[in-house]
Amino acid sequence: MSNTPGKTVHIIVNGTSVEVPEGVSVAAAVLGHSHERHFYEHSLDGSKRAPWCLMGVCFECMLEIDGRPNVQSCMVQVAEGMVVNTQKRPAVPGENGLSDQGDRA
Amino acid sequence: MNITNFDCIVIGAGPAGLAAACAARDCGLEVALLDEQAAPGGQLFRNVESPLAQRLLDEKDRRTGLDLVARFRAGGTDYRPHSTVWAIDGTAVSYSRNGVSERITASHIILAPGGMERPVPFPGWTLPGVMGAGGMDILLRSDCLPRLSRQEPVVLCGNGPLLLLLACHLLDAGAPVAAWLDTGDTLRRLAALPHMPAALGDRAYLAKGLRMARRVLSSGMPIIRNVRSLRAEGDGHVEQVRYTTSKGEYRLPAGMLLRHEGIIPRTHIPNALGLAMTWDEVQRCWHPTTDIRGRTSCEHISIAGDSAYVHGGDASLLKGTLAGIDAARRLHVISEAEADHRSAGTLRELRRLEWARGFLRHIFAPHPDIFAVPDETIICRCENVSAGDIRAAVREGFTNVNEIKRFTRCGMGPCQGRMCGPALAELAAQASGLPPRQVDMLHVRMPFRPVPLNEYCTLNGLGYEENHTA
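Not measured: the values here are computed from a predicted model.

Residues and elements named next belong to chain B. Among the nonpolar cores identified, the biggest contains 106 residues, and Met136, Leu156, Leu170 and Leu181 are the most heavily contacted of them. The element contributing the most residues to this core is helix α5 (residues 161-173), with 7 residues. With residues up to four places along the chain from it excluded, the contact list for Leu181 reads Val155, Leu156, Cys157, Gly158, Ile224, Val227, Leu230, Val241, Tyr243 and Leu252. One finds Ala20, Leu57, Leu68 and Ile325 within the second-largest nonpolar core, a separate group that totals 32 residues.

Structure follows, in structure tokens:
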């Protein structure tokens, strides 16, 4: 759609290298240039969530960035080689084959 | 070592914050500016120094933004980007930057956190692909438009000047737009008519609006009026939009649904500081009580820009200039007469812009019915609290939003009530029969933002860390 030549960097989204414009937020880069359509699964009901505001208000853009979980990705700029992962719903004791003690059944 | 004491700290690098810092510097103050983003500009002038955003701004806005940022950069303000303010305690401001928290002090503090889109819940609004219009505009300015097609087009819904601007930006980007669903209130639009003659005093502004309206109308984008009962539906992502009009129920396929119901001030900091607030009956939102120079109920804190009351970028710049000059006057760095002299032109210009504001705030007033959502609608996205949960709490006898919060957990998640606060108040008001201003506003406490405990304990390199390195 809009292919103005500009500087780009590469980030790795869920294991795939993606070329994105320099200087943009991780959240914008993932929405615009990766194949991922959601960012995390809600801890209460597992529903898939993605950003609403992209300006630091909604806390719906949480991603794991360079190993740190639950980062507000709209407030972080992309950097060459950055490793970004969408987040699965945390395991809940008593659900999905996990016993209340937390060890796998 | 970093300087930790200033004459003035400005929070926010949008038009108001930048203008405030420039004006205060011009008067001779030592100024620090803290801002969350990587570059100056706020939302209106986001990425203004990069060609990505410049393409989207019209010639006048681009020049204004670039001039302001250049003046700011050359002015000698101690600019600290990537800085999220999480506490203000008297004259001390604590903020987090790159995982380290610092605390600096100043004799005067100017808050300029700007506005945000009014979050209006509806069934399916938590689905990926449903966003605020402002979010989409940020994507366009970042050259990060998601993949769309004629089968998965954009649907716009709501009411407000930003939606008009976004529609133009989407047309410019060649994005497929299936429809504009208008939720505005015809009666309130008629109520705006008496304000029209005054607004004609600001021809340039109105001409810009009409230009955008013509562009949208001539594009052939279907505009559907009196839209109610909006729903987003889909499996893991929005796939279709449902709505009703006076003629019946309709469905549209959609790849993205963008909702906009106006801009409201970001009030978390003034709210937490206990500053006096005013309820705006027309725009249905709280804003800090300020005078035209941004003075608040607390002497050493002033507020500039859309966070004082929403009036757009041009006015924000003027409001910032007035607040910066007034800070220097308060600190006796310039005399009353000097302050009056420096403010005169800006005051005149701001009063002129007020003419059009009276008209716009009525014509784009939110329809109260937009909050009449079905029980299953998620209101608090963080804690999954539904409209039905809130109504049940009101039936239990709770009418103050803070009681309802404790009873339902609505507003207790990471966003600290930013996304649900306005809707919670409207729902509590509807269910209890009280006017919204009587159900109170959510009390915000510090930290304004979630901050890791180890950052809290190692402010300015003190505490925990020191004990371990000693």
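There is more to say after this.
A separate point is the packing of aromatic side chains. Residue and element names in this part refer to chain B. On inspection of all chains with the given rule, the structure shows 6 aromatic pairs over all chains. Between the aromatic rings of Phe398 and Phe407, the centroid separation amounts to 4.7 Å while the plane-to-plane angle is 45°, which identifies the pairing as tilted. By relative accessible area, which is 25% here, Phe398 ends up partly exposed. Note on Phe407: relative accessible area 45%, which makes it partly exposed. Residue placement shows Lys319 over the ring face of Tyr309; its charged tip is 3.7 Å from the ring centre.

Residue and element names in this part refer to chain A. Residues of strand β7 (residues 82-85) alternate between two faces, with Met82 and Val84 buried on one and Val83 and Asn85 left unburied on the opposite face. By the bridge criterion, 2 bridges tie strand β5 (residues 62-65) to β7 in an arrangement that is antiparallel. From the neighbouring strand, Ile65 faces β7, where its bridge partner is Val84.

Note: interface size is frequently given as the accessible area lost on complex formation between the parts. Residue and element names in this part refer to chain B. Splitting chain B by domain gives domain 1 (5-116 + 264-334), domain 2 (119-261) and domain 3 (373-439). Here domain 1 and domain 3 have C-alpha centroids that lie 31 Å from each other. Every contact between the two is made by 7 residues of domain 1 and, on the other side, 8 residues of domain 3. When the two sides are added together, the surface that domain 1 and domain 3 hide from each other amounts to roughly 670 Å², 58% of it contributed by carbon and sulfur.

All names here are of chain B. Considering all chains together, one arrives at 35 salt bridges over all chains under this definition. In this structure, Glu36 engages Arg449 in a salt bridge whose closest nitrogen and oxygen atoms are separated by 2.8 Å. With Glu36 in the loop between β2 (31-34) and α2 (51-54) and Arg449 in the loop between α14 (421-432) and α15 (453-457), the pair connects residues that are 413 residues apart, well separated along the chain. Of the two residues examined, Glu36 and Arg449, each falls in the buried class. A salt bridge links Arg352 to Glu349; the shortest N-O distance between them is 3.1 Å. Of this pair, Arg352 and Glu349 both sit in helix α11 (residues 336-363), 3 residues apart, which is roughly one turn of the helix. Judged by its relative accessible area of 28%, Arg352 is partly exposed.

A few words now on the interface of chain B and chain A. Taken together, the contact pairs 42 residues of chain B with 34 residues of chain A. Between chain B and chain A, roughly 3400 Å² of surface is buried when both sides are summed, and carbon and sulfur atoms account for 58% of that area. The three residues of chain B that bury the most area against chain A are B:Asp143, B:Arg147 and B:Arg381, which together make up 14% of that side's buried surface. At the boundary of chain B and chain A, one finds 2 salt bridges. The salt bridge involving B:Glu152 is made with A:Arg37; its shortest N-O contact spans 3.9 Å. The interface formed by chain B and chain A holds 10 residue pairs in polar contact (both at pLDDT 80 or more) in total.

Our focus in this paragraph is the sheet that holds strand β9 (residues 154-158) of chain B. Residues and elements named next belong to chain B. In spatial order, the strands read β8-β15-β9-β10-β11; together these 5 strands make up an open sheet with parallel pairing. Sheet topology places β8 (130-132) and β11 (223-224) at the edges, where each strand pairs with a single neighbour. Bridging between β9 and strand β10 (residues 177-182) involves 5 bridges; their strand directions are parallel. Within the sheet, the bridge partner assigned to Val155 lies in β10 and is Ala179.

Right, let's talk about helix α1 (residues 15-26) of chain B for a bit. One full turn of an α-helix is made of 3.6 residues, so residues set three or four places apart face in the same direction. Residue and element names in this part refer to chain B. For α1, with 12 residues, the first-to-last C-alpha span of 16 Å sits near the 16 Å given by 1.5 Å per residue. Of all 12 residues in α1, 10 are buried, a share of seventy percent or more. Residues of α1 that are buried: Pro15, Ala16, Gly17, Leu18, Ala19, Ala20, Ala21, Cys22, Ala23 and Ala24. Buried residues along α1 sit in contact with β1 (5-11), β2, α3 (59-74), β6 (100-111) and α10 (312-330). Just downstream of α1 lies Gly28, where phi reads positive at about 100°.

Low pLDDT means the predicted atomic positions in that stretch should not be read closely. Residues with a pLDDT of 70 or more make up 83% of chain A, whose mean pLDDT is 88. Taken as a whole, residues 99-105 of chain A scores under 50 in pLDDT and shows 8 contacts with residues more than four places along the chain or in a different chain.

What follows is about unusual backbone geometry. Following B:Met446, the chain continues into B:Pro447 via a peptide bond in cis, with omega recorded as -5°. With respect to the helices, strands and loops of the structure, B:Pro447 is situated in the loop between α14 and α15. Here A:Leu54, not a glycine, exhibits a phi torsion of approximately 60°, which is positive. As for its placement among the helices and strands, A:Leu54 is situated in the loop between β4 (48-49) and β5. Look at B:Asn226: it is not a glycine, yet its phi comes out positive at around 55°. With respect to the helices and strands, B:Asn226 occurs in the loop between β11 and β12 (228-233). Of the residues examined, B:Asn226 reaches a relative accessible area of 35% and is grouped as partly exposed.

Residue and element names in this part refer to chain B. Turning to its location among the elements, Thr458 is positioned in the loop between α15 and α16 (464-469). Thr458 sits in the buried class, given a relative accessible area of 12%. At a separation of 2.7 Å, a polar atom in the side chain of Thr458 contacts the main-chain carbonyl oxygen of Asn454.

Here the focus is the sheet that holds β5(A). Residues and elements named next belong to chain A. In space, the 5 strands of this open sheet follow the order β2-β1-β7-β5-β6, with mixed pairing throughout. The open sheet has two free edges, formed respectively by β2 (16-21) and β6 (68-72), since each of these has just one partner strand. For this sheet the average axis-to-axis angle between neighbouring strands, irrespective of direction, equals 40°. With 3 bridges joining them, β5 and β6 adopt antiparallel strand pairing. Of the residues in β6, the one forming a bridge with Met62 is Gln72. Along the sheet, helix α1 (residues 26-33) contacts β1 (8-13), β2, β5 and β7; its crossing angle with β2, the most-contacted strand, is approximately 110°.

The subject of this paragraph is the environment of B:Cys8. Residues and elements named next belong to chain B. Of note, Cys8 is situated in strand β1. When the C-alpha atoms of Cys8 and Gly28 are compared, they prove to be 11 Å apart, with 20 residues separating the residues in sequence. When near neighbours in sequence (up to four residues on either side) are disregarded, Cys8 contacts Leu29, Glu30, Val31, Ala32, Ala106, His108 and Ile110.

Reading the values: rules and limits
Residues numbered from 1 in each chain as written. Chains lettered and ligands numbered in written order. Predicted model: local features only at pLDDT ≥ 70, side-chain atom pairs only at ≥ 80, totals over all residues. Heavy atoms only, no water. Core = buried A, V, L, I, M, F, W, Y, C linked by side-chain atoms within 4.5 Å. Buried < 20%, exposed > 50% of the residue type's maximum accessible area, 1.4 Å probe, protein only. Helix = DSSP H or I, 4+ residues; strand = E, 2+ residues; numbered from the N terminus. Contact = heavy atoms within 4.5 Å. Phe/Tyr/Trp six-rings, centres within 6.5 Å; stacked < 30°, edge-to-face > 60°. Lys NZ or Arg CZ within 6 Å of the ring centre and 35° of its normal. Pairing = 2+ DSSP bridges. Domains from an automatic or database assignment. Buried area = accessible area lost by both parts, 1.4 Å probe. Salt bridge = Lys/Arg side-chain N within 4 Å of Asp/Glu carboxyl O. Polar contact = N/O pair within 3.5 Å; in protein donor to acceptor, adjacent residues only side chain to side chain. Expected span 1.5 Å × (residues − 1). pLDDT = per-residue confidence, 0-100. Axes fitted to C-alpha atoms, helices over the stretch in contact; angles between N-to-C directions.

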